[in-house]
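# Secondary and tertiary structure notes
Letter by letter, the chains look like this.
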Amino acid sequence: ETRLVLGVMLDRAGRSDTMLSHRVACATASFWAREKFLRDTRVPLRRRLGRFYDAVASSCLYATMDVVLTRQAALRLLAFEHRYLRQICSSTSAK
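This section reports on the structure supplied with the text.

What counts, and at which threshold
Residues numbered from 1 in each chain as written. Predicted model: local features only at pLDDT ≥ 70, side-chain atom pairs only at ≥ 80, totals over all residues. Heavy atoms only, no water. Core = buried A, V, L, I, M, F, W, Y, C linked by side-chain atoms within 4.5 Å. Buried < 20%, exposed > 50% of the residue type's maximum accessible area, 1.4 Å probe, protein only. Helix = DSSP H or I, 4+ residues; strand = E, 2+ residues; numbered from the N terminus. Contact = heavy atoms within 4.5 Å. Axes fitted to C-alpha atoms, helices over the stretch in contact; angles between N-to-C directions. Parallel < 35°, antiparallel > 145°, perpendicular 65-115°, else oblique. Nonpolar A, V, L, I, M, F, W, Y, C, P; charged D, E, K, R; others polar. Salt bridge = Lys/Arg side-chain N within 4 Å of Asp/Glu carboxyl O. Phe/Tyr/Trp six-rings, centres within 6.5 Å; stacked < 30°, edge-to-face > 60°. Lys NZ or Arg CZ within 6 Å of the ring centre and 35° of its normal.

## Focus on the nonpolar core
A general feature of soluble globular proteins is that nonpolar side chains tend to end up buried together. Core analysis: the largest hydrophobic core is formed by 15 residues, its most contacted members being Phe31, Leu38, Phe52, Val56, Cys60, Phe80 and Ile88. Counting residues per element, this core draws most heavily on helix α4 (residues 71-90), at six residues. Ignoring anything within four residues of it in the chain, the contact list for Val56 reads Ala27, Ser30, Phe31, Arg34, Leu38, Arg51 and Phe80.

Put into structure tokens, the structure is as follows:
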């Protein structure tokens, strides 16, 4: 069971894991919506990485300014970032 407290989704223990899971899911959907561009080898890597951070990674952090990130939550966000950066860069290593 989750509840909304001051604009932040919290579970019974007062943790924001639910909100973090929701933001990661939104960022994942944002990545797959832009996947064709992000993995296009004709587009320079710097431009693709810029678009990733502007659109995908920022949607992961949207509305989380009031959330205190635990070490575990920060590691989840870092794992998300690395997973999708590997998706972007793996398409360039084929050439």
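## Describing the packing of helix α1 (residues 17-33) against helix α3 (residues 45-61)
When two helices pack together, their arrangement is given by the angle between the helix axes and the distance between those axes. With their axes 6 Å apart at the nearest point, α1 and α3 run at an angle of 155 degrees to one another. By the angle class used here, α1 and α3 are roughly antiparallel. Together, Arg23, Val24, Cys26, Ala27, Ser30 and Phe31 of α1 and Phe52, Ala55, Val56, Ser59 and Cys60 of α3 make up the contact between the two elements. Looking at the contact of α1 with α3 residue by residue, the classes come out as eight nonpolar, two polar and one charged.

## As for the pattern of salt bridges
Counted according to the given criterion, the structure contains two salt bridges. Here Glu35 makes a salt bridge to Arg39, at a shortest N to O gap of 3.5 Å. Judged by relative accessible area, which is 29%, Arg39 ranks as partly exposed. Notably, a salt bridge pairs Asp40 with Arg42, separated by 3.1 Å at the nearest N-O pair.

## Let's talk about the packing of aromatic side chains
Ring pairs (aromatic) are described by centroid distance and by the angle formed between their planes. One pass over the full model with this rule turns up five aromatic pairs. Judged by centre distance (5.1 Å) and plane angle (80 degrees), the ring pair of Phe52 and Tyr53 falls under edge-to-face. When its relative accessible area of 0% is taken as the criterion, Phe52 is described as buried. Note on Tyr53: relative accessible area 37%, which makes it partly exposed. Cluster of aromatic residues (ring-pair linked, three or more members): Phe31, Trp32, Phe80 and Tyr84. In this structure, Arg51 packs its charged tip against the face of Phe37, placed 4.5 Å from the ring centre.

Any functional reading would require information beyond the geometric quantities listed.
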